[in-house]
Amino acid sequence: MNVGGTLIAGPASSGLSGTLTIPGDKSMSHRAIMLASLADGITDIHGFLPGDDCLATAQMFVAMGVRIDWLNDEKTSLKVYGVGLHGLKKPTDILEAGNSGTCVRLMMGILAAQPFDCVLSGDSSLQKRPMKRVADPLRKMGANITGEHDLLPLTIHGSPLHGIHHTSKIASAQVKSCILFAGLYAQGETTITEPRPSRDHTERMLPLFGQSIDVDTQCVIHLQATGKLTAPTEPIYIPADPSSACFFAVAASLIPDSQITLKSIGMNPLRNGWQRILSDMGADLTLQHSTIVGKEEVADIHISHQRLHAIDVHPADVPDAIDEFPAMFAAASLAEGTFKLTEATELRVKESDRIAVMSTALRLAGADIEEFPDGAHVLGGTLKGGVTIDAHGDHRIAMSMAVAAQCAESDICIKNAATITTSFPDFVPLAQLLGMNVHWDEVER
Ligand code: S3P
């Protein structure tokens, strides 16, 4: 039971084994709810991730008059009764995004164009995260957004929007998707250029709802709104989340005698940078049963233990593995040699400053890490453990440290880990099924 949000993770007593189905993809679950709510007609969604982040998005649409019927107790299947692009109702209360950057930033694009005003807010972590990166391009489109220092809480005064060409300085799918959602309401064409391609789930899902989108040879994304989204006749099936799968792939790579299989994992090339990085480090990952689900490739991943060595991460791989660096740091702290990460400043504005928080946690556990403004050098070796570290309410830090602890000499106590429920509510029972040594501390500290 998750009493005080503290995890106790310790050395694994034997290799991991088993075959697991991982919950649905977080990014795709948000987008499926958003598009289904704004479509004309009813959309069935299966494989939805019932984590707090995606439930916050669902709750926002319910607060704006969308009917959502959950089809099972686990909340992985649902029916969304879309109200059409212009059918949302003014919410009576503040719209709360909790811990979710994807929820708040994508919703800003939708809310900027509504014929009503509303207030968006989030938890203490989200209130510190930059919203200017979406507020500024939205303002260029005609949006009226106010809030101190462009931080949450923000008031969105709905306004008519027009298309723009936006050149983004950062490879961010949240920025891109926010503008694309606003573009659904804009007069004229909306185009976006990114410095490197970011995850493209929005671009892949929009055509399922009848809205075409083009990516030209210069990698510029073009959207000319048709003024209508239509619910697909087939259900939307969401693949298993590769970002969640990554924790177990790293654990199985690190723990001697491990052999595990993770079923039907999303293989979008803009999400599987961690597989390239881990393979380059010597990991033994084998793909089986590749197939296409909706517009996304999926495959089973079989992982066997293999000794890992450090690499220099290629900057081109950074956006494709942006959520997996806490887990990569855990792997690197136990690999041979010095793992070098650069051009990853974005990690500093995630649910926590992931370079600083992960470096502090691993150092306390016995690792040797040198931090830089845009990355870190992780000198691999052994982890002593026997310490308490602070995950700072960042789900991915908590899970990554639980993985690192499997190869430490003694237990690591991970405080402020309750937010695991934002992206992977079943992390602890599934980790235990594979044989990981991790449990919630049942004592309030
Ligand atoms: C996401 C995009 C990424 C990622 C986040 C989910 C998305 O954020 O870190 O967990 O679903 O669009 P950025 O767009 O800020 O890179």
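Model, not experiment: these values are computed from the prediction.

1. A word on the domain arrangement of the chain
Inference 1: With domains assigned, the chain is organised as domain 1 (7-24 + 239-440) and domain 2 (26-236).
Inference 2: Just the C-alpha atoms count here: the centres of domain 1 and domain 2 sit 28 Å apart.
Inference 3: On the domain 2 side, the residues contacting the 28 residues of domain 1 number 25 residues.
Inference 4: In total, domain 1 and domain 2 occlude about 2300 Å² of area from one another, counting both sides; carbon and sulfur atoms represent 50% of this.
Inference 5: On the domain 1 side of the interface with domain 2, the three residues burying the most area are Leu270, Lys295 and Thr422, jointly 24% of the side's total.
Inference 6: Our count for the contact surface shared by domain 1 and domain 2 stands at four salt bridges.
Inference 7: Residue Arg196 pairs with Glu343 through a salt bridge whose shortest N-O separation is 3.3 Å.
Inference 8: Our count for the contact surface shared by domain 1 and domain 2 stands at 14 residue pairs in polar contact (both at pLDDT 80 or more).

2. A word on the sheet that holds strand β7 (residues 117-121)
Inference 1: In spatial order, the strands read β6-β7-β9-β8; together these four strands make up an open sheet with mixed pairing. Strands at the two margins of the open sheet, each flanked by one partner only, are β6 (95-96) and β8 (144-146).
Inference 2: The pairing of β6 with β7 spans two bridges and is classified as parallel. Each residue of the ladder has a partner; that of Glu96, found in β7, is Ser121.
Inference 3: Across the sheet, helix α3 (residues 101-111) is in contact with β6, β7, β8 and β9 (154-157); its angle to β7 comes to roughly 175°.

3. Examining the site of the ligand
Inference 1: Neighbouring the ligand are Lys26, Ser27, Arg31, Thr102, Ser172, Ala173, Gln174, Arg199, Ile322, Asp323 and Lys350.
Inference 2: Here Arg31 contributes a side-chain N or O atom positioned 2.6 Å from an oxygen atom of the ligand.
Inference 3: Here an oxygen atom of the ligand sits 2.9 Å away from a polar atom, N or O, in the main chain of Gln174.
Inference 4: Surface burial for the ligand is 96%, taken as the share of its 380 Å² of free accessible area covered by protein chains.
Inference 5: Judged by the fraction of its atoms near the pocket grid, the ligand is located in the largest pocket.
Inference 6: Secondary-structure elements contributing two or more residues to the shell around the ligand are α1 (26-38) and α5 (173-183).
Inference 7: Sort the elements by how many residues they give to the shell around the ligand and α1 lands first, with three residues.
Inference 8: Here the residues of the shell around the ligand sort into two nonpolar, four polar and five charged.
Inference 9: Mapping the shell around the ligand onto the domain boundaries places at least three of its residues in each of domain 1 (7-24 + 239-440) and domain 2 (26-236).

4. Observations regarding the layout of surface pockets
Inference 1: In this structure, the largest pocket occupies an estimated 610 Å³ of space.
Inference 2: For the largest pocket, the lining is made up of 37 residues, of which Ala171, Ser172, Ile322, Glu346 and Lys350 are closest to its centre.
Inference 3: Secondary structure elements with two or more residues in the lining of the largest pocket: α1, α3 and α5.
Inference 4: Partitioned by chemical class, the residues of the lining of the largest pocket number 10 nonpolar, nine polar and 18 charged.
Inference 5: Three or more residues apiece are contributed to the lining of the largest pocket by two domains, here domain 1 (7-24 + 239-440) and domain 2 (26-236).
Inference 6: When its volume is computed, the second largest pocket comes out at roughly 340 Å³.
Inference 7: What lines the second largest pocket is a set of 21 residues, and nearest its centre among them are Thr21, Ile22, Pro23, Gly24 and Thr76.
Inference 8: The set of elements that each furnish at least two residues to the lining of the second largest pocket consists of β15 (259-266) and β16 (284-293).

5. Description of the nonpolar core
Inference 1: Counting 86 residues, the largest nonpolar core has Phe248, Leu278, Phe339, Ile414 and Phe427 as its most contacted members.
Inference 2: Of all the elements, helix α7 (residues 242-254) adds the most residues to this core, at nine residues.
Inference 3: Other than its neighbours up to four places away in sequence, Phe248 contacts Leu20, Ile22, Ile260, Leu262, Phe424, Phe427, Leu430, Ala431, Leu434 and Met436.
Inference 4: Core analysis: the second largest hydrophobic core is formed by 69 residues, Ala39, Met60, Val175 and Phe181 among them.

6. Considerations on α5
Inference 1: Within α5, 11 of the 11 residues are buried, which leaves the element mostly enclosed by the surrounding structure.
Inference 2: Every buried residue belonging to α5 is among Ala173, Gln174, Val175, Lys176, Ser177, Cys178, Ile179, Leu180, Phe181, Ala182 and Gly183, and all of these are buried.
Inference 3: You can read the cap of α5 off the contacts: a side-chain oxygen lies 3.2 Å from the backbone nitrogen of Gln174, and it is on Ser172.

7. As for the sheet that holds strand β23 (residues 438-440)
Inference 1: What the four strands build is an open sheet, ordered β21-β22-β1-β23; its pairing is mixed. This sheet does not close on itself; its edge strands, each paired only once, are β21 (387-390) and β23. Across the sheet, the axes of successive neighbouring strands diverge by a mean angle of 25°, strand direction being ignored.
Inference 2: With three bridges joining them, strand β1 (residues 7-9) and strand β22 (residues 412-415) adopt antiparallel strand pairing.

8. Some thoughts on the state of the cysteines
Chemically, a disulfide is nothing more than a covalent bond linking the sulfur atoms of two cysteines.
Inference 1: By the definition in use, this model includes zero disulfides.
Inference 2: Of the cysteine sulfurs around Cys118, a residue in no disulfide, the closest is that of Cys103, at 11 Å.

9. A look at the packing of helix α2 (residues 52-63) against α3
Inference 1: Remark: α2 packs on α3, axes separated minimally by 10 Å, with the N-to-C direction vectors making an angle of 25°. In terms of their interaxial angle, α2 and α3 are classed as roughly parallel. The way α2 lies across α3 gives a crossing that is right-handed. Between α2, through Asp53, Ala56, Thr57, Met60 and Phe61, and α3, the contact on the second element is made entirely by Cys103, Met107 and Ile110.

10. What to know about the environment of Ile265
Inference 1: One can find Ile265 in strand β15.
Inference 2: Exposure remark for Ile265: the relative accessible area of 0% places this residue in the buried category.
Inference 3: Ile265 sits 27 residues away from Ile238 along the chain, and the two C-alpha atoms are 9.8 Å apart.
Inference 4: The contacts of Ile265, once residues within four sequence positions are left out, are Ile22, Ala240, Pro242, Ala245, Glu297, Val298, Ala299 and Ile301.

Conventions and cut-offs
Residues numbered from 1 in each chain as written. Predicted model: local features only at pLDDT ≥ 70, side-chain atom pairs only at ≥ 80, totals over all residues. Heavy atoms only, no water. Domains from an automatic or database assignment. Contact = heavy atoms within 4.5 Å. Buried area = accessible area lost by both parts, 1.4 Å probe. Salt bridge = Lys/Arg side-chain N within 4 Å of Asp/Glu carboxyl O. Polar contact = N/O pair within 3.5 Å; in protein donor to acceptor, adjacent residues only side chain to side chain. Pairing = 2+ DSSP bridges. Helix = DSSP H or I, 4+ residues; strand = E, 2+ residues; numbered from the N terminus. Axes fitted to C-alpha atoms, helices over the stretch in contact; angles between N-to-C directions. Near = heavy atom within 4 Å. Areas by Shrake-Rupley, 256 points an atom, 1.4 Å probe, with all protein chains shown as cover. 1 Å grid on protein atoms, 1.4 Å probe; cavity = no way out; pocket = protein on both sides within 12 Å on 5 of 7 lines; lining within 4 Å. Sits in = over half its atoms within 2 Å of the grid points. Nonpolar A, V, L, I, M, F, W, Y, C, P; charged D, E, K, R; others polar. Points joined across faces, edges and corners; volume = space filled by probe spheres on them. Core = buried A, V, L, I, M, F, W, Y, C linked by side-chain atoms within 4.5 Å. Buried < 20%, exposed > 50% of the residue type's maximum accessible area, 1.4 Å probe, protein only. Disulfide = S-S within 2.5 Å. Parallel < 35°, antiparallel > 145°, perpendicular 65-115°, else oblique. Left-handed = near helix turned anticlockwise from the far one by under 90°.

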